Protein chains: 2
Amino acid sequence: MQIIDGTIASPKGFYATGLHAGLKKEKKDLGVIYSEVPANAAAVYTTNQVKAAPIFVTKEAMKDTTIQAVVVNSGIANACTGKLGLENAKEMQAITGTHLNIPQESVAVASTGVIGKQLPMEIIEAGISNIDLEKPEPYAFHEAILTTDTATKEIVITEEINGQQVTMAGVAKGSGMIHPNMATMLAFITTDAQISEELLQEILADKTETTFNQITVDGDTSTNDMVLVLANGLAENPVIEKNSKAFEQFVAMFQLVSETLAKKIAKDGEGATKLIEAQVVGALNGSEARLVAKKVVGSSLVKTAMFGEDPNWGRIICAVGYAGSHTDPEKIDMWIGDQQLLKNSQPQEFDETIMKQTLEKEKINITVDLNIGEQSGQAWGCDLTYKYVEVNALYHT
Amino acid sequence: MQIIDGTIASPKGFYATGLHAGLKKEKKDLGVIYSEVPANAAAVYTTNQVKAAPIFVTKEAMKDTTIQAVVVNSGIANACTGKLGLENAKEMQAITGTHLNIPQESVAVASTGVIGKQLPMEIIEAGISNIDLEKPEPYAFHEAILTTDTATKEIVITEEINGQQVTMAGVAKGSGMIHPNMATMLAFITTDAQISEELLQEILADKTETTFNQITVDGDTSTNDMVLVLANGLAENPVIEKNSKAFEQFVAMFQLVSETLAKKIAKDGEGATKLIEAQVVGALNGSEARLVAKKVVGSSLVKTAMFGEDPNWGRIICAVGYAGSHTDPEKIDMWIGDQQLLKNSQPQEFDETIMKQTLEKEKINITVDLNIGEQSGQAWGCDLTYKYVEVNALYHT
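These figures come from a predicted structure and were not determined experimentally.

Definitions and limits used
Residues numbered from 1 in each chain as written. Chains lettered and ligands numbered in written order. Predicted model: local features only at pLDDT ≥ 70, side-chain atom pairs only at ≥ 80, totals over all residues. Heavy atoms only, no water. Helix = DSSP H or I, 4+ residues; strand = E, 2+ residues; numbered from the N terminus. Rg over C-alpha atoms; globule rule 2.2 N^0.38 Å. Buried < 20%, exposed > 50% of the residue type's maximum accessible area, 1.4 Å probe, protein only. Contact = heavy atoms within 4.5 Å. Areas by Shrake-Rupley, 256 points an atom, 1.4 Å probe, with all protein chains shown as cover. Lys, Arg positive; Asp, Glu negative; His and termini not counted. Charge placed at Lys NZ, Arg CZ, Asp CG, Glu CD. UniProt positions renumbered as here; feature names shortened; annotations may be inferred. Polar contact = N/O pair within 3.5 Å; in protein donor to acceptor, adjacent residues only side chain to side chain.

Brief notes about the overall build of chain A
- Summing up its helical and strand segments, chain A has 11 helices and 15 strands in all.
- Radius of gyration (C-alpha) of chain A: 21 Å, near the 21 Å computed for a compact globule of 397 residues.
- Each of the three principal axes of chain A carries a C-alpha extent, and together these read 65 × 50 × 35 Å.
- Looking at chain A as a whole, 61% of its 397 residues qualify as buried.
- Of all intrachain contacts in chain A linking residues separated by at least 6 positions in sequence, the fraction that spans at least 24 positions is 80%.
- Roughly 14300 Å² of accessible area belongs to chain A as shown, and the carbon and sulfur atoms make up 48% of that amount.
- Both charge centroids of chain A, one from 32 positive and one from 51 negative side chains, sit 4 Å from each other.

See the structure below:
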């Protein structure tokens with residue numbers, strides 16, 4: 001398995017591009033991914049009961065499980081927009097289908113941005129008509145899906161599976177309202193592997209649990225979250241069967257792509273200066289380990305302590321205590337980096353110089369051993385900074 | 001029912017005082033409440049699985065349900081302090097009993113402050129020996145329990161019940177780690193009413209649900225939370241029986257004291273500039289209404305929007321959507337102040353000048369009508385500010 005430079009269009013037969021349609025002042029705000037052939041597709045969506053219009057349209061399009069194109073706009077979320085919003089999302093799908101000369105129902109739609117505003121359809125229509133897949137600029141797609149993100153987020157890997165070179169690419173946007181319960185933010189994964197849509201959906205659901213669902217920026221679950229995977233089969237590998245070596249290879253690729261995107265989203269959380277990784281071991285089961293890890297990285301007090309570069313283990317053990325997992329409050333061990341802070345819940349001497357260096361880094365690892373079982377789990381978050389408050393107090397409706 | 005000036009020592013037979021023992025640099029850090037006679041007592045405690053030593057000592061003291069004194073220190077939480085911490089909490093109880101010439105087991109103990117530090121017992125012992133109830137300074141108790149609070153929090157009310165003047169006083173501290181699951185922070189309520197400990201516990205548990213448990217500052221549930229109520233009976237009213245007029249009067253007093261303290265804690269949340277009150281109506285049941293209200297005031301995005309004085313209803317409906325209650329996402333009405341923002345989940349025109357004035361105030365009311373039932377609930381929180389980050393990034397261990 002090899003990480004390579006590339007874009008969401010690196011797997012065989014995929015094209016992508018992005019442009020400035022006019023929803024945002026200057027930045028790119030409209031993008032399309034296209035596959036030469038209909039791709040097997042899988043998706044997970046936000047668990048928020050208030051769902052944006054494009055979520056409904058994409059769910060409907062996914063009923064026959066093949067997708068040939070994805071159209072995405074940023075700037076306006078098309079959420080809480082009622083009937084007109086739903087019609088606009090369908091219209092956006094139809095215009096894209098016509099422009100690309102493919103059936104409307106093979107187009108997935110995603111939106112991100114301000115809630116409660118209607119899409120200006122003349123801008124969307126003009127924007128889509130300017131999409132030119134003969135001169136694609138795939139990296140522009142990575143840019144076109146961003147909102148308050150400070151950087152694009154992508155990864156491309158390649159691997160020989162059953163004698164064929166299979167490539168998988170992922171791109172995501174994140175930053176605010178990142179506390180997914182199922183899907184998170186927008187993430188798109190393309191691959192030229194041959195794999196059934198059932199198996200693809202199973203892998204996506206499974207890996208979402210341990211990657212995208214384990215990141216939190218601010219505890220808010222968005223109305224627009226979606227992870228969409230397209231597998232167009234053009235690598236011509238033998239169709240991947242469950243529990244084969246090829247399956248293991250594919251799952252490993254999927255894990256790396258998902259976890260990398262998830263971490264990139266957490267690290268680029270609004271206002272963040274640090275990525276915080278919590279690793280919980282010794283739990284009764286994996287879901288409780290993930291729960292505790294997520295409570296640790298989600299705690300405002302832990303997040304501000306990390307911003308202040310303070311090894312405040314009291315706030316961490318406090319979060320462990322209210323997480324709601326099985327815990328023996330007398331048996332908790334804890335480390336920041338490789339410095340042990342707690343043994344059996346009691347403070348330990350540590351090297352303050354090394355701790356200071358550890359906390360100054362851009363990535364901080366917190367490890368908690370509950371010492372009551374054998375299972376482990378991870379979660380990723382970021383520090384809570386003045387900049388977070390600034391970004392969110394100034395982002396006006 | 002009349003609100004009067006006074007202190008936690010205003011009800012008959014109560015004394016209180018506070019002083020600087022030396023746990024903090026200069027501020028008062030040790031206080032005692034004392035009743036002339038043993039008082040019927042009720043208490044609720046943190047649900048955090050990691051509990052501070054004084055919680056265990058007070059729980060033990062409460063087994064025979066009368067309490068004659070409360071000793072409280074601020075500066076050190078005596079949490080995660082193991083066997084020695086438990087011995088110290090007991091020692092603090094014993095020294096207080098000896099000094100006041102009452103049985104050790106009639107003394108409740110509470111601590112608040114930094115987690116993981118041992119109490120310096122020579123300072124505690126010297127401090128308690130300086131407690132002089134012949135020259136009490138009751139307001140000094142209100143000060144002695146504070147940590148990052150910017151103001152003392154108290155309320156005293158009086159009411160004639162069955163021909164006798166009954167007084168009830170409450171004092172609380174809050175500020176950080178305020179997201180109680182059961183009790184919250186430290187709150188002490190004294191009354192000279194005659195009432196059984198069973199009924200007192202019942203009323204406390206019931207009212208905690210709708211007041212103290214409905215505030216959130218930062219989503220973190222502390223290891224030291226406690227609400228303790230003492231009723232010494234010196235008002236000589238006939239013992240209050242359930243479902244009598246006297247009971248109703250007493251419950252109304254208790255509600256006012258609890259709600260007032262809860263709101264004062266929320267308003268004085270770390271770094272806060274505004275109190276945010278969410279009222280959810282039209283819910284299927286009260287607990288779901290309270291859940292939704294608490295998610296709204298707990299959302300970092302709502303909190304920063306209020307700080308930015310932005311009527312960002314999108315973030316509010318987003319919080320309603322992920323709260324996990326029954327909801328019809330198409331039927332939500334919403335107001336900020338008296339301006340309607342949503343009807344059937346669709347944006348409404350509102351008066352921007354009035355909205356601006358509403359959002360500039362120190363208290364902001366958000367009302368959400370789920371339109372699916374008849375029940376309502378409230379919650380209180382505060383805005384999320386630069387100062388919150390400052391307070392918590394700089395509060396070093």
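Structure's up, so let's keep going.
Points about the UniProt feature "binding site: substrate" (unreviewed entry) in chain A
Residues and elements named next belong to chain A.
- Here, UniProt's "binding site: substrate" (unreviewed entry) annotation points to Thr147, Lys173, Thr184, Glu270, Asn392 and Thr397.
- Take lysine 173: it is sitting in strand β7 (residues 164-173).
- Since its relative accessible area comes to 5%, lysine 173 is described here as buried.
- Here lysine 173 is in contact with Thr112, Ile145, Leu146, Thr147, Asp149, Met185, Leu186 and Ile265, once residues within four sequence places are set aside.
- A distance of 3.2 Å separates the side chain of lysine 173 from the side chain of threonine 147, its partner in a polar contact.

Examining unusual backbone geometry
Residues and elements named next belong to chain A.
- Although it is not a glycine, asparagine 78 sits at a positive phi angle of roughly 50°.
- Inspection of the secondary structure assignment puts asparagine 78 in the loop between β4 (66-76) and α2 (82-100).
- Positive phi values are uncommon outside glycine, yet cysteine 80 reaches one of about 60°.
- Relative to the helices and strands, cysteine 80 resides in the loop between β4 and α2.
- Among the residues examined, cysteine 80 registers a relative accessible area of 9% and is labelled buried.

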